[in-house]
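Architecture at a glance
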Protein chains: 2
Amino acid sequence: MRVTLKDIARAAGVSIMTVSNVINGKHERVSAETVERVRRIVAELGYVPNGSARSLAANSSRLIGLLVPAESEVSLTISPHNIAIVGQIERRLRQRGYHLLLRGVSDTAEIGEALRSWSLDGAVLLGFLDEEVDRLHRRVTGATPVLAIDSYSDNPLTTGVRTDDFTGAHLATSHLLSLGHRRIVFAAPSFTDVGVVHERFLGFQAALRDAGASLRDCPTETVNTTHDDGVELGRRLLANHPEATAIFATADILAIGIIEGLHDTGVPVPERVSVVGFDDLDISAYITPKLTTVAQDIVGKATHAVDRLLDLAEGGNHHTEPLVLDVRLVVRNSTAVPRPTARNH
Amino acid sequence: MRVTLKDIARAAGVSIMTVSNVINGKHERVSAETVERVRRIVAELGYVPNGSARSLAANSSRLIGLLVPAESEVSLTISPHNIAIVGQIERRLRQRGYHLLLRGVSDTAEIGEALRSWSLDGAVLLGFLDEEVDRLHRRVTGATPVLAIDSYSDNPLTTGVRTDDFTGAHLATSHLLSLGHRRIVFAAPSFTDVGVVHERFLGFQAALRDAGASLRDCPTETVNTTHDDGVELGRRLLANHPEATAIFATADILAIGIIEGLHDTGVPVPERVSVVGFDDLDISAYITPKLTTVAQDIVGKATHAVDRLLDLAEGGNHHTEPLVLDVRLVVRNSTAVPRPTARNH
DNA sequence: CAGACACGGTTTAGCGCTATACTTGGTGGT
DNA sequence: ACCACCAAGTATAGCGCTAAACCGTGTCTG
């Protein structure tokens, strides 16, 4: 059978509460010898506290939910960039003595169920649109802390951790500008609902302004953030924008598709069109040409997200300002000086 | 405050047990009208059962652990192929009304803690070496069902779900042989401890035999299953094996590295060397040339793994034979007929 | 030398739920 | 008319743990 506090207590000749106190490190109430003795017996008998009983009694579970979008039971839709974050979040939670409940959410109503059913001590929202974050958060009853990653929602309660998207886009765009590009296509999903994308657009715009370039020469292409949409865009890019010499995509996976689409139609990258992405996925260094991109601090994002959430869960201070993580431009081979002959396509 | 069974019972004018029975679908003991009334009140009050209390009382949690290797607190080491499986497992568990606890395991002793702490109803082992599976399983006390994915351990209790590695390797190798290749390098991690790799080697060997090719012409290269090791191998491949015209790597990520390494040294793929991988990662279709590879049934693997585990957890029958999933050869552009001039490099 | 207080505990109550045994009023068979 | 049995419940106990209140000693303080 399972070893319980009672067994330890009997073996150690103390009360069950003393054992409980030892296990929870409340040593002020227990003598050093008793601590020692109880510890030994715990180890001998291989006692493991029962999490359910604990969370029932203490109303706290040391369990954190990681909620990710799931489209109607079909599958989880974690972007390649966010996948890497999942692992890092688990690692950090484990380090801090918590467990991770991974949960796909297809219906906003589900979040309350998820949180309350396990008396989660907190939840991380990963990969949701800003309005979804708001909608989800409204469902959270009680004081369970919730933190959103990469959200631009102005809800102070979900204020979380994000990348410096503005600077990232500025860096990427400035890189293209400094190479001499003036006709740069901005490829992104519809940014009315995605704060991240909007912010990157602002960075793009600012970089153009700072360099004295004309925004009018730089059209926007609205696409989904998928490889296939990238391919499709790459194929028709020069037909739609014959003057363009460069393209900035707000995601590597998109940029990779664009490069493939350009290749399909015989457009050399970077000779004819330079391509810059955003994320620095592993695979971005594996394709040909290797992708110039903006690297995000994945480990930092995950670690700080967990730390902030746990600070909150453990009754600590509440940050009202989002934590903004640094970015880094990674110059590889998908960008070059524009061909002087670019105009006479 | 939180809504409990008691609140529902009071509002419905019945006992707490009746409500419990309604919620758990034990309708034999409750009249239809009562079921209806209780149901309505549950919905009105937004009652959500408390998982902790449930698992404490019923000693079953509807919680399944997904254990993945974690190297000493540094990070999770989920291979690209296995990452896709995680999401599919979550989806299937959710469909069947379970929750997923994701846990990195760096020390085999941890598994008992993980299982017992939350009275997990079962656990899936993903990405462990066979001997680790055995070691982990020995730690599992009690009757908690454990299922390993892609394990060749002969422990009948961990018998799980795997890909038809033999046929996959046979398919890949036969494809190369049918193109005319006779000097094929087998690139894989050390397969003394990895059943999957060993099985793929057997498939490789069998294909050679079936085609009347000589195994002596086909050297084995032992490398880690990483992109970087692939690059390194690709760079020295023809120096070490000047006669080789093809290489079969037991993982796409490795194959992708190999292609890059070959390119680095000016060896054209597939003109001079054909490359075949195994897994069919998304990215394998994004690189240049697009990788010929063996596709695994990820959805099937995840779905059947969950179904088998839950069958067991719910007291169902125990399968002693592992479930073997079909593979499919995906021919793309990294393989071609060997150059007749291959010998006079 | 009484009272305050620290030390090292113990006792009690209860978290929200489920399993099990018990109850009660009707039905049917003989 | 009597017992057996069924449908539709209720009452009780307990899962393993923690929070909070309580309880003897001994020691220090005024």
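Here the structure is shown first, and the text comes after it.
Residues numbered from 1 in each chain as written. Chains lettered and ligands numbered in written order. Predicted model: local features only at pLDDT ≥ 70, side-chain atom pairs only at ≥ 80, totals over all residues.

**Structural notes on the overall build of chain A**
Heads up, the condition is: To qualify as a helix, a DSSP run of H or I must reach at least 4 residues; to qualify as a strand, a run of E must reach at least 2; elements of each kind are numbered from the N terminus. Note that the radius of gyration is over C-alpha atoms, with the globule rule given as 2.2 Å times the number of residues to the power 0.38. To sort residues by burial, count the other C-beta atoms lying within 10 Å of each one's C-beta; a count of 20 or more means buried, 12 or fewer means exposed, and anything in between means partly exposed. C-beta atoms are built from the backbone. Residue pairs are scored as contacts if the distance between their C-beta atoms, which are placed from the backbone, is within 7 Å.
A count of helical and extended segments in chain A gives 12 helices and 13 strands. For 345 residues, the compact-globule estimate of 2.2 N^0.38 gives 20 Å, and chain A exceeds it by more than 25% at 26 Å. Expressed along its principal axes, the backbone C-alpha trace of chain A runs to roughly 90 × 40 × 35 Å. In chain A, which comprises 345 residues, the share counted as buried stands at 49%. Contacts in chain A between residues far apart in sequence, at least 24 positions, make up 73% of those at least 6 positions apart.

**Remarks on the sheet that holds strand β7 (residues 184-188) of chain B**
Residues and elements named next belong to chain B. Formally: Strand pairing is assigned whenever DSSP identifies at least 2 bridges connecting the two strands. Inter-axis angles, ranging from 0 to 180 degrees, are taken between N-to-C directions of lines fitted to C-alpha atoms, where helices are fitted over the stretch in contact.
Strand order in the open sheet formed by four strands is β8-β7-β9-β10, with parallel pairing between adjacent strands. Taken across any chain shown, the strands that pair with only one partner, and hence form the sheet edges, are β8 (220-222) and β10 (274-276). Adjacent strand axes in the sheet meet at a mean angle of 20°, parallel and antiparallel pairs treated alike. In the sheet, β7 pairs with strand β9 (residues 246-249) via four bridges, with the strands oriented parallel.

**A closer look at the relation of the copies chain B and chain A**
Basically, it comes down to this: Alignment of copies: least-squares fit on C-alpha atoms of residues with pLDDT of at least 70 in both copies.
When chain B is fitted to chain A, the best match, at an RMSD of 0.1 Å, comes from turning it 180° and sliding it 0.0 Å along the axis. Within this description, the copies of the chain are treated as partners about a two-fold rotation axis. In this assembly, 100% of the residues forming the interface of chain B have copies in chain A that are likewise at the interface, indicating an isologous arrangement.

**Overview of the protein's contact with DNA strand C**
Note the following rule: Residues are classed as near a molecule or strand if the C-beta position derived from their backbone is within 6 Å of it.
Close to DNA strand C lie 26 residues, the nearest being Ser15 and Ser31 of chain A together with Leu5, Ser20 and Ala57 of chain B. Of all the elements in the fold, those that place two or more residues in the surface near DNA strand C are α2 (16-23) and α4 (51-58) of chain A together with α2 (16-23) and α4 (51-58) of chain B. If one sorts the elements of the surface near DNA strand C by residue count, α4 of chain B sits on top with five residues.

**Considering the interface of chain B and chain A**
Using the following cut-off: Each residue gets one label: Ala, Val, Leu, Ile, Met, Phe, Trp, Tyr, Cys and Pro are nonpolar, Asp, Glu, Lys and Arg are charged, and the others, such as Gly, are polar.
Between chain B and chain A, the residue contacts involve 41 residues of the former and 41 residues of the latter. By residue number, the principal contributor to the side of chain B that touches chain A is helix α5 (residues 80-95) of chain B, which donates seven residues. A breakdown of the residues in the side of chain B that touches chain A according to their chemical character gives 16 nonpolar, 16 polar and nine charged. Judged from the three bridges that link them, strand β3 (residues 99-105) of chain A and strand β3 (residues 99-105) of chain B form a sheet pairing that is antiparallel. In the strand pairing of β3 of chain B, Leu102 of chain A is matched with Leu100 of chain B.

**Side note on the protein's contact with DNA strand D**
Taken together, 25 residues sit near DNA strand D, with Leu5, Ser20 and Ala57 of chain A together with Ser15 and Ser31 of chain B positioned nearest. The set of elements that each furnish at least two residues to the surface near DNA strand D consists of α2 and α4 of chain A together with α2 and α4 of chain B. In the surface near DNA strand D, the residues fall into 14 nonpolar, eight polar and three charged.

**Re the packing of helix α8 (residues 165-179) of chain A against helix α9 (residues 195-210) of chain A**
Residues and elements named next belong to chain A. Basically, it comes down to this: Here the word oblique covers every angle except those under 35 degrees (roughly parallel), over 145 (roughly antiparallel) and from 65 to 115 (roughly perpendicular). Note: crossing handedness is left-handed where the near helix turns anticlockwise from the far helix by less than a right angle, and right-handed where it turns clockwise.
Packing of α8 against α9 brings their axes to within 7 Å, and their N-to-C directions diverge by 40°. One way to sum up the angle between α8 and α9 is to call them oblique. For the crossing formed where α8 meets α9, the hand is right-handed. Each of Asp165, Phe166, Thr167, Gly168, Ala169, His170, Thr173, Ser174 and Leu177 in α8 lies in contact with α9, whose residues at this interface are Val196, Glu199, Arg200, Leu202, Gly203, Phe204, Ala206, Ala207 and Leu208. Residues of the contact of α8 with α9, tallied by class, amount to nine nonpolar, six polar and three charged.

**Considering the sheet that holds strand β10 (residues 274-276) of chain A**
Residues and elements named next belong to chain A. Taking strand neighbours across the sheet as the criterion, the four strands line up as β8-β7-β9-β10 in an open arrangement whose pairing is parallel. Both edges of this open sheet fall to β8 (220-222) and β10, since each of them pairs with a single strand only. Each strand of the sheet is rotated relative to its neighbour by a mean of 20°, with strand direction disregarded. Along the sheet face, α8 touches β7 (184-188), β9 (246-249) and β10 and points at about 160° away from the line of β10. Running at roughly 170° to β7, α9 makes contact with β7 and β9 of the sheet.

**Considering α9 of chain A**
Residues and elements named next belong to chain A. Here is the rule we go by: To estimate the expected span of a helix, subtract one from its residue number and multiply by 1.5 Å.
With 16 residues, α9 should reach 22 Å at 1.5 Å per residue; the first-to-last C-alpha distance of 22 Å fits that figure. For α9, every residue scored as buried is listed here: Val196, Val197, Glu199, Arg200, Phe201, Gly203, Phe204, Ala207 and Leu208. Of the residues trailing α9, Gly212 is marked for its positive phi of about 70°.

**Section: the nonpolar core**
Counted only if it meets this: Defined on buried residues, the nonpolar core groups Ala, Val, Leu, Ile, Met, Phe, Trp, Tyr and Cys residues joined through C-beta atoms within 7 Å.
Membership of the largest hydrophobic core comes to 90 residues, with the highest contact counts inside it found for Ala187, Ile247 and Phe248 of chain A together with Ala187, Ile247 and Phe248 of chain B. Excluding its chain neighbours within four sequence positions, the residues that come into contact with Phe248 of chain A are Ala172, Thr173, Leu176, Ile184, Phe186, Ala187, Phe204 and Val276 of chain A. With 87 residues, the next largest nonpolar core counts Ala70 and Leu125 of chain A together with Ile89 and Leu126 of chain B among its residues.

**Describing the environment of Ala249 of chain B**
Tracing the sequence through the fold places Ala249 of chain B in strand β9. Linking Ala249 of chain B and Glu221 of chain B, residues 28 residues apart in sequence, is a C-alpha distance of 9.3 Å.

**Observations concerning helix α6 (residues 110-117) of chain B**
Of the positions making up α6 of chain B, those classed as buried are Ile111, Ala114, Leu115 and Arg116 of chain B. In this structure, the buried residues of α6 of chain B make contact with β1 (63-71), β3, β4 (122-126) and α7 (130-138) of chain B.

**What to know about the environment of Val22 of chain B**
Tracing the sequence through the fold places Val22 of chain B in helix α2. Every residue in contact with Val22 of chain B, bar those within four places of it in the chain, is listed here: Val30, Val35, Val38 and Arg39 of chain B.

**Quick word on unusual backbone geometry**
Here the bond from Val269 of chain A into Pro270 of chain A is cis, since omega is 10°, no more than 30 degrees from zero. Residue placement: Pro270 of chain A occurs in the loop between α11 (252-264) and β10. Even without glycine at this site, Asn59 of chain B takes up a positive phi of about 55°. Inspection of the secondary structure puts Asn59 of chain B in the loop between α4 and β1. Judged by local crowding, Asn59 of chain B falls into the exposed class, with 12 C-beta atoms found within 10 Å.

**Side note on the environment of Pro322 of chain A**
By the secondary structure assignment, Pro322 of chain A is in the loop between α12 (298-313) and β12 (323-325). Along the chain, Pro322 of chain A and Gly160 of chain A lie 162 residues apart, while their C-alpha atoms are 5.0 Å from each other.

Honestly, that's just the spatial picture; any functional story needs more than this.
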